[in-house]
Every structure is written in C-alpha cells, then in structure tokens.
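# Per-entry structural report
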Amino acid sequence: MDLYTAIKKRRTVRDFTDQEVPADKIERILDAGLRGPSGNHLRDIHFVVIRSKERISEVVKMVGVHATMQMERVMASDMQGSQRSMYLDAVPKQRQMLLQASALVLPYFRHHGDFNQANGVTTYNNFASAWCAINNILLAATAEGLGCALRIPIGSEPEYVGQLVDAPEGYIMCCYLGIGYPAQDAVVIDQVPVNTANRVHFERW
C-alpha cells in the first residue's frame, strides 16, 4: 500500500477479530514508529508490548471506570452528526477495544522538567517525537491491513500502568494503543468532509 492510500484508509478501529497478529508484523510497525522525526536525535522512545489477554486485562483495569458519566455528558451535549456518532460508539468501547486487540502497545517517552514551566523548545522535543512515532505506527498498521484503537490515559491511570510494567522513573506513557485485525462488522464513522482549499492559506490567512 502506498503512503497516500494508507493516509486515506486509516481509521480508528474499535472492533477486532480474535486473529493473532504475528510478532514480526508488530516489530515492523514499531520500527516504522522509531523512524519518525526526533528533535534531539536520541529517539528516547520505548514501547511496552503486551500480548497475553490476562495481562492486557490487568493493564486496562482502570479504563472505562467513568464511561457512564462520559456517556451522560455526550447525551446532554449539543454535538451533532459524525462527532456525536463517534462518541456514542467510542465511549462504551474504551476498555473493550483494548481487550479485543491482538497486542496492546504502550508508548513511553523520556521527559525532564515540567510542561507548564518549559524553559525552551527542548522541553517538548521527546513529547513531539513520541507523537510523530505514533502517527507512523498508525499508518504502518494500516499498510499492513491492521487497525488501531488509541486511548489517552486519564487520572491515575499512567501511574497504575507504570507500576505494572515497571516503567523507569522519568518516562511518560502517551497512550494505550490496541492493534489487531478489524472485525468484518467493525463500526466505521463517516468523517466530517474537509475541503483542503478552505484550510490551506499561502503567505497569510
């Protein structure tokens, strides 16, 4: 699959089959992630890969605890169309989609200091590099015929997961990333159409 096709085909997948993704595919996808841009050239990014269903269940134990409250907020909001459809599908599946995945990947990046008191652009280098890596992973997984479900950790989840996986001090978990083969009936939400000509501005807005 060429790059532009992968970009157009990439979609968040929250419904997976039970087919196992071979280890070499996972490694190839994560290698693509490590080839993303790195502000300091150190690529101090690590991935904890979990394949055991029992272990995945333990790691995502805290995910979805507040789903009922989140769903109530969505129902009471004025969101419409694709955005509302996405949340109505996504919120109840926050834990399920990670449990169904063939592999759960936890990307970690090394961080020093305080994001709220940055003393220069270097404060954000590893943070930015980690998300460049994650974008590469999403596209590589698509090119391999796989899907990904991404969830940002909230509350005390990072500390809980960090203790479970023995993450070294000074490393921050970006997200939970479930990777697997999309189910045949996987829900695909229509994206809001965007006219590139209306979003690209040359010389000035």
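Quantities reported herein were computed from a predicted structural model and do not represent experimental measurements.

### Quick look at the state of the cysteines
As enumerated under the stated definition, the model contains zero disulfides in all. For Cys 132, which is in no disulfide, the shortest distance to another cysteine sulfur is to Cys 174 and amounts to 11 Å. Looking at the unpaired Cys 174, the closest cysteine sulfur is the one in Cys 175, lying at 5.7 Å.

### Here we look at the packing of helix α2 (residues 23-34) against helix α7 (residues 125-143)
At a minimum axis distance of 7 Å, the contact between α2 and α7 shows a crossing angle of 145°. For the pair α2 and α7, the crossing hand works out as right-handed. From α2, Ile 29, Leu 30, Ala 32 and Gly 33 reach across to α7, where they touch Ala 133, Asn 136, Ile 137, Ala 140 and Ala 141. When grouped by side-chain class, the residues that make up the contact of α2 with α7 number seven nonpolar, two polar and no charged.

### Things to note about empty space enclosed by the protein
With the rule as written, the count across this model stands at two cavities of 30 Å³ or more. If you trace the largest cavity, you find it lined by Gly 33, Leu 34, Gly 36, Pro 37, Ser 38, Arg 43, Ile 45, Ser 129 and Ala 133. Listed by contribution, the elements that provide at least two residues to the lining of the largest cavity are α2 and α7. Here the lining of the largest cavity is composed, by residue class, of four nonpolar, four polar and one charged. Residue lining of the second largest cavity: Met 62, Gly 64, Val 65, His 66, Gln 70, Arg 151, Ile 154 and Glu 157, and that is the complete set. Among the residues making up the lining of the second largest cavity, the classes are represented as three nonpolar, three polar and two charged.

### Some words on the side chain of Arg 84
Examined against the element boundaries, Arg 84 turns out to sit in helix α5 (residues 81-90). Buried within the structure, Arg 84 lacks any salt-bridge partner; Asp 78 is the closest side chain of opposite charge, at an N-O distance of 7.5 Å. Polar contacts involving the side chain of Arg 84 include one to the main-chain carbonyl oxygen of Val 74, which spans 3.2 Å. Those residues within four positions of Arg 84 in sequence are excluded, and the remaining contacts are Val 74, Met 75, Ser 77 and Met 79.

### A short note on the layout of surface pockets
In this structure, the largest pocket spans a volume of roughly 370 Å³. What lines the largest pocket is a set of 16 residues, and nearest its centre among them are Gln 70, Tyr 87, Ala 90, Val 91 and Gln 94. If you list the elements that add at least two residues to the lining of the largest pocket, you get α4 (67-76), α5 and β3 (147-151). Within this model, the second largest pocket holds a volume of roughly 280 Å³. Around the second largest pocket, the lining is made up of 17 residues, and of these Lys 9, Arg 11, Val 13, Leu 146 and Gly 147 lie nearest the centre. Secondary structure elements with two or more residues in the lining of the second largest pocket: α7 and β3. Among the elements that make up the lining of the second largest pocket, the one with the highest residue count is β3 (three residues). Class assignment of the residues belonging to the lining of the second largest pocket gives a composition of 10 nonpolar, four polar and three charged.

Rules behind the numbers
- Residues numbered from 1 in each chain as written.
- Predicted model: local features only at pLDDT ≥ 70, side-chain atom pairs only at ≥ 80, totals over all residues.
- Heavy atoms only, no water.
- Disulfide = S-S within 2.5 Å.
- Axes fitted to C-alpha atoms, helices over the stretch in contact; angles between N-to-C directions.
- Helix = DSSP H or I, 4+ residues; strand = E, 2+ residues; numbered from the N terminus.
- Left-handed = near helix turned anticlockwise from the far one by under 90°.
- Contact = heavy atoms within 4.5 Å.
- Nonpolar A, V, L, I, M, F, W, Y, C, P; charged D, E, K, R; others polar.
- 1 Å grid on protein atoms, 1.4 Å probe; cavity = no way out; pocket = protein on both sides within 12 Å on 5 of 7 lines; lining within 4 Å.
- Points joined across faces, edges and corners; volume = space filled by probe spheres on them.
- Buried < 20%, exposed > 50% of the residue type's maximum accessible area, 1.4 Å probe, protein only.
- Lys, Arg positive; Asp, Glu negative; His and termini not counted.
- Salt bridge = Lys/Arg side-chain N within 4 Å of Asp/Glu carboxyl O.
- Polar contact = N/O pair within 3.5 Å; in protein donor to acceptor, adjacent residues only side chain to side chain.

Read these as spatial facts, not as claims about activity.
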